[in-house]
Amino acid sequence: MRGLGVTIRGGLTRGITRNVVALGIVSLLTDVSSEMLVYLIPLFLANVLLASPSIIGVIEGLAESAAALLKLASGIISDRIRRRRVLVGIGYGSSVLAKALYLLATSWPVVLLARVGDRVGKGIRTSPRDALIADSTAPEARGVAFGLHRALDTAGAVLGVAVALLVVASTQGSALDLSADTFRLLVLVALVPGVLAVVAIVVGVRDVRKPSPQTDEPATAAFRPRASWRQFPMAFWLFVAASGLFALGNSSDAFLSLRSQQLGVDVRDLLVMVIGFNLANALVSWPVGALSDRVSRRLLVAVAWTIYAVAYAGFAMAGSAGSVGMLWILYGTYYGVNEAVGRALVADLAPTDLRATGYGVINAVVGLLVLPASVIAGLLWDRIAPGAPFWFGAACAGAALVLLVVGVRPRS
């Protein structure tokens, strides 16, 4: 791949390069694999392995936190060696191998091992992948590039949940609880697109020439940056702090599944709602990413966090299954805006030559806070009420929103 690569022109595809499309396809296939399982894992733990919400919170928190430091380490390594593609491939491949462990799970510690292995793979790949997207894209097209990547990622999630819905409907109908046989069948099916994603990396993804420290344009001279925290502007650190505060209340989505089931939503209907969540996510992310190339990304992230607070307050107040579907769609809207625009905002705030390190820093902070967030959520659920974790999440989002609006001032 030369320079920023082959660029596609026209409409929402303006400035999109081959790497962006290839990594989008990789994420699409991976999400087909992952989303078949992710919202059913907490139900497998609760319905089959009889784990409590507190145990589920610990499992999800440990899994995400185990990945957090790897996100930082892989970002730093990626900036040093400039071989982002290798780390991306190792990360996706590790996640596929970890999913196979679910076939052996007869107790929750095996699920913990599988979840940690899956998230470790995500930790290895995330920062180099996001940096490779940014490296492959001109600054004025970053929003649309991350938006397209998010849209393809979420399209895979829609397909994955749709496949899960078909399997669940055909094996157990409208049963409230998830069966062990249904879950293990889903694991077998999920391994196929996971392997195809690794093949897509080998075939379609290429490293980009090393950028010089002063510009986003490619340079031929070798460059080996060493991370210096002083090179990051104050706006970056304030955004990290705001994101960390937000993450403290953003417990694992496992609690959304558990809350939905607790309100009377059966497994089949839960998957229908998750499809609605992912459709909202996919439909919003690409156009909003493109919009962020023209308006303030900080403003759009603030909008996303506001939507999140409203959705979590809705889950806290819900008294029956009737309103849960709309809350999932609202939550998907938050995801679509935040994931596309937030990643582009990090690229704006971080120094060009330390971009993957910047992604690693923010991913590590957010990931490490998933453990206390999920433990707190489990304790609030068990000791106060099922709605309590969602009130806590809404409050943290409100506090983070104030810090974002008041403190973060991106470079012009």
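Residues numbered from 1 in each chain as written. Predicted model: local features only at pLDDT ≥ 70, side-chain atom pairs only at ≥ 80, totals over all residues. Heavy atoms only, no water.

(A) Local environment of the overall build of the chain. Each helix and strand in the chain was counted, giving 14 helices and two strands. Against the compact-globule benchmark of 22 Å for 412 residues, the chain has a radius of gyration of 20 Å, which places it among compact chains. On the principal axes, the C-alpha backbone points of the chain span a range of 60 × 45 × 40 Å. Within the span of the chain, comprising 412 residues, buried residues form 58% of the whole. For the chain, restricting intrachain contacts to residue pairs at least 6 apart in sequence, the fraction spanning at least 24 positions comes to 85%. Of the roughly 15100 Å² of accessible surface on the chain, 67% is carried by carbon and sulfur atoms. Taking the average place of the 35 positive charges on the side chains of the chain and the average place of its 23 negative ones, the gap between the two points comes to 9 Å. (Helix = DSSP H or I, 4+ residues; strand = E, 2+ residues; numbered from the N terminus. Rg over C-alpha atoms; globule rule 2.2 N^0.38 Å. Buried < 20%, exposed > 50% of the residue type's maximum accessible area, 1.4 Å probe, protein only. Contact = heavy atoms within 4.5 Å. Areas by Shrake-Rupley, 256 points an atom, 1.4 Å probe, with all protein chains shown as cover. Lys, Arg positive; Asp, Glu negative; His and termini not counted. Charge placed at Lys NZ, Arg CZ, Asp CG, Glu CD.)

(B) Up close: the packing of aromatic side chains. A full pass over the atoms with the stated rule returns 26 aromatic pairs. Measuring from ring centre to ring centre gives 4.2 Å for F44 and F183, while their planes differ by 15°; the resulting arrangement is stacked. One end of the pair, F44, is in helix α2 (residues 41-48); the other, F183, is in helix α7 (residues 180-204), and 139 residues separate them in sequence. For the pair formed by F44 and F183, the shared burial category is buried. Judged by centre distance (6.1 Å) and plane angle (45°), the ring pair of Y308 and Y331 falls under tilted. Of this pair, Y308 sits in helix α11 (residues 297-317) while Y331 sits in helix α12 (residues 324-349), and the two are 23 residues apart along the sequence. Since its relative accessible area comes to 0%, Y308 is described here as buried. What makes Y331 buried here is its relative accessible area of 0%. Over the ring of Y92 we find R125; its NZ or CZ atom is 4.3 Å from the centre of that ring. (Phe/Tyr/Trp six-rings, centres within 6.5 Å; stacked < 30°, edge-to-face > 60°. Lys NZ or Arg CZ within 6 Å of the ring centre and 35° of its normal.)

(C) Broad picture of the environment of I59. Among the secondary structure elements, I59 is positioned in helix α3 (residues 53-81). A relative accessible area of 1% places I59 in the buried class. Counting along the chain gives 24 residues from I59 to E35, while the straight-line C-alpha distance between them is 18 Å. Leave out the neighbours within four places in its chain, and I59 touches L45, W108, L112 and R115.

(D) Spotlight on the pattern of salt bridges. By the definition in use, this model includes nine salt bridges. Of the charged contacts in the structure, one is a salt bridge between D135 and R84, with a shortest N-O distance of 2.6 Å. Residue D135 is located in helix α5 (residues 108-135), and its partner R84 is located in helix α4 (residues 84-99); the two are separated by 51 residues in the primary sequence. Several salt bridges converge on common partners, so that one network encompasses E60, K99, R115, D118 and R119. (Salt bridge = Lys/Arg side-chain N within 4 Å of Asp/Glu carboxyl O.)

(E) View of helix α6 (residues 142-172). With 31 residues, α6 should cover 45 Å at 1.5 Å per step; its first-to-last C-alpha distance of 44 Å lies within 8% of that length. By the criterion of burial, α6 is predominantly enclosed, with 22 of the 31 residues buried. One or two steps after α6, the chain reaches G173, where phi turns positive at roughly 60°. (Expected span 1.5 Å × (residues − 1).)

(F) Seen up close, the side chain of N47. Positionally, N47 belongs in helix α2. Here L178 takes part through its backbone nitrogen, which lies 3.0 Å from a polar atom of the side chain of N47. Non-local contacts of N47, meaning those with residues more than four positions away in its chain, are made with D177, L178 and Q261. (Polar contact = N/O pair within 3.5 Å; in protein donor to acceptor, adjacent residues only side chain to side chain.)

(G) Local environment of the packing of helix α9 (residues 254-262) against α11. Between α9 and α11, the least distance of the axes is 10 Å, while the angle of their chain directions is 35°. Here α9 runs over α11; the crossing is left-handed. Across the interface between the two elements, L256, R259 and S260 of α9 pack against Y312, F315 and A316 of α11. For the contact of α9 with α11, the class distribution of residues is four nonpolar, one polar and one charged. (Axes fitted to C-alpha atoms, helices over the stretch in contact; angles between N-to-C directions. Left-handed = near helix turned anticlockwise from the far one by under 90°. Nonpolar A, V, L, I, M, F, W, Y, C, P; charged D, E, K, R; others polar.)

(H) Quick look at helix α8 (residues 234-248). In a regular helix each residue adds 1.5 Å, so 15 residues correspond to 21 Å; α8 covers 21 Å between its end C-alpha atoms and thus fits that length. Buried-residue contacts for α8 involve α11, α12, α13 (355-383) and α14 (388-407).

(I) A look at the confidence of the model for the chain. Here the chain shows a mean pLDDT of 84. Residues at 70 or above account for 91%. Highest mean pLDDT in the chain belongs to α11 (94); lowest belongs to strand β1 (residues 7-8) (40). Between residues 1-12, whose pLDDT stays under 50, and residues either more than four places distant or in other chains, the model counts 34 contacts. Segment residues 211-225: pLDDT under 50, and 35 contacts once partners within four positions in sequence are set aside and those in other chains are kept. (pLDDT = per-residue confidence, 0-100.)

(J) Geometry of the environment of S65. Mapped onto the elements, S65 comes out in helix α3. Once the C-alpha coordinates of S65 and Y39 are considered, the two residues, 26 residues apart in sequence, prove to be 19 Å apart. Those residues in contact with S65 that lie beyond four places of it in its chain are G367, L368, V370 and L371.

(K) Structural view of the packing of helix α1 (residues 18-35) against α6. Put simply, α1 and α6 touch, their axes get as near as 7 Å, and they point 25° apart. It follows from the interaxial angle that α1 and α6 lie roughly parallel. The chirality of how α1 crosses α6 is right-handed. Contacts between α1 and α6 involve V20, V21, L23, G24, I25, S27, L28, D31, V32 and E35 from the former and A145, L148, H149, L152, D153, A155, G156, A157, L159, G160 and V161 from the latter. (Parallel < 35°, antiparallel > 145°, perpendicular 65-115°, else oblique.)

(L) Examining unusual backbone geometry more closely. Not every positive phi belongs to a glycine, and L50 is a case in point at roughly 60°. Mapped onto the elements of the fold, L50 is located in the loop between α2 and α3. Judged by relative accessible area, which is 68%, L50 ranks as exposed.

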